[in-house]
Every structure is written in structure tokens, then in C-alpha cells.
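Working through the structure, step by step
Residue-level listing of the chains:
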Amino acid sequence: MDKIQRLSSRLRVLFLAGMVSVPVLHAVGWAFFERIMATPPLNFSSIFGLSWGEPPFMAGPATLAMKLLGFCSSMLPGAAAMYGFACLAGLFGRFGKGEMFSAATVRLLRRLGWAVLVAQGMQVLHGSLASLILTMGNPPGRHVVTIGLDSATLAETVTGVVIILASWVMDEARKLKEEQELVI
Amino acid sequence: MPIIVNLDVMLARRKTASKDLAAAIGITAQNLSILKTGRARAIRFSTLAAICRELNCQPGDLLEYVSGPEPEAAEGGE
């Protein structure tokens, strides 16, 4: 129990840092769009909504408006990710206090599952929006809208469903615990 | 719940304080309060036996059945 509490407290801090880092990472990513896309090891394609890591044909460099719109678009899944991190931080904060099977932990786990699912839907939407935003400066006939699902999106969708299912199992455990507490 | 716990009556008859009984039978005052107020879902035979020993009474002195709505099936308990 002590080990769980100790580790949970550390993980809570890590998840809070993750929550704060999401918008920062996205802002930095879009601010240095060209440089990052030209540097393969730094290719944060998921931030830019580019499933294949390659930007669509662009007639010119990304403008400030494109970058701002791109940032707003990428914050659609980013906001869901931030919410997911907030749920994780809350969940591990409660684990850190020794609160394992309570209505609050069940609720946080369920919300995490939904956040993962919503983030995947938003990621698909962001992919389409990003392609439109990045080609908005192209001449007529050269605008691009892409829509796509990749294996990572599908895998994370399954993960979201599994987390929601786990929250149902945890809720049953909570009921058993509460029942047990009333056996004197 | 159609089972009524008459622990408070028996405590009054024996002139015993709740916390003294709780200490004597090895449960917390909070759990004894749950039992007294009828919020308990079940009582272990070992707890019942300890209460009967300390208060010098029979299980029937502590528990009473009154007809009323039955609890939901498989609600647990011993």
C-alpha cells in the first residue's frame, strides 16, 4: 500500500506536468513548423495532424495565420489530452491518499476512458482541418482536405473502450467494498 | 430491512456504554454505531457471539423480525 501511495504521488506530479506540457508542446510545434518538419527526428506529425508525417503540398511557407489556426485545430485533441491528464492526476492523487475503490476514482477512470475516445475523434477532425489550413495559401484547385484513420488511432480507441470497461469493473469492486464495510 | 437490531435496548438494560462494549468485543465504536442504528447489512456470528457474551443475553434479545419490505435479492450478508 505504501509503495502504491508513494508511486502514485510521483505519477500525479508527472501527469500534471504532462497536462501543462500539451499546449506548450503544441505551441512550440506550430511556431517552428517548418524547422521541425525538416528535421526528421523532431517530426511531431501527430501534433500537426499528419498521419504520414509528410505535409501536403504547400505553395509557400506557413503564415502566422496558418500557424495560429493550426494551433487551435491541434488543441481540439490537445484539450481532450489535457483533460485526460487532469483525470489521471486526480486519480493518482486519490490513490496517493490511499483511496482506491471509491465513487470518485471510478468516475475519474470513466472520464479518462471517454477523454481517450474523444481525443481520437478530435484527432481525425484535426487531421482534416490541418490539411485544409496548411493548404489555404495554395492557388485555386490546389487546396487539400485529407481524412484518415491510422492504426494508432484505432489502437487508442480500443484502449479508451478498455478503460471504460475497467471503470465498470472497478465500480463493482467499489460496491463490494461498501457492502463489506457494512458487515459488522 | 425487516430485521431490527435491539442493541441499544440491551445496552440500556445492562447499563453498558457503547464504547465500553465496542472495546470489550474488539470492534470500533463507529462499527457498533452502524449496528445500533440498523445500517449494517450483516453481522458476523463471531461479533454476535461476543456481544451476547458481554451483555449476557441471547441472539433473540438483540435481533427481532418484523414483517416489512424484503431487501433486494442477493444483497449480500451472512
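Residues numbered from 1 in each chain as written. Chains lettered and ligands numbered in written order. Predicted model: local features only at pLDDT ≥ 70, side-chain atom pairs only at ≥ 80, totals over all residues. Heavy atoms only, no water.

1. Points about the overall build of chain A
- Counting its secondary structure elements, chain A contains six helices and zero strands.
- Listing the helices and strands of chain A from first to last along the sequence gives α-α-α-α-α-α.
- Once local pairs closer than 6 in sequence are excluded, the contacts in chain A between residues at least 24 apart make up 75%.
- Of the roughly 10,200 Å² of accessible surface on chain A, 71% is carried by carbon and sulfur atoms.
- Placing the 15 positive and 11 negative side-chain charges of chain A at their respective mean positions leaves the two points 7 Å apart. (Helix = DSSP H or I, 4+ residues; strand = E, 2+ residues; numbered from the N terminus. Contact = heavy atoms within 4.5 Å. Areas by Shrake-Rupley, 256 points an atom, 1.4 Å probe, with all protein chains shown as cover. Lys, Arg positive; Asp, Glu negative; His and termini not counted. Charge placed at Lys NZ, Arg CZ, Asp CG, Glu CD.)

2. A short note on unusual backbone geometry
All names here are of chain B.
- Within the chain, K15 stands out as a residue other than glycine whose phi angle is a positive 55°.
- Positive phi is not limited to glycine here, since N56 has a value of about 55°.
- Looking at the secondary structure, you find N56 in the loop between α4 (45-55) and α5 (59-62).
- Looking at N56, the relative accessible area reads 63%, which means it is exposed. (Buried < 20%, exposed > 50% of the residue type's maximum accessible area, 1.4 Å probe, protein only.)

3. Describing the nonpolar core
- With 21 residues, the main nonpolar core has L7, L21, L32, L35, I51, L55 and L62 of chain B as its most contacted residues.
- Per-element tally for this core: the top contributor is α4 of chain B, with five residues.
- Contact partners of L35 of chain B, with chain neighbours within four places excluded, come to I184 of chain A together with V5, L7, A40, I43 and I51 of chain B.
- In this structure, L88, L112, I163 and M170 of chain A belong to the second largest nonpolar core, which totals 15 residues. (Core = buried A, V, L, I, M, F, W, Y, C linked by side-chain atoms within 4.5 Å.)

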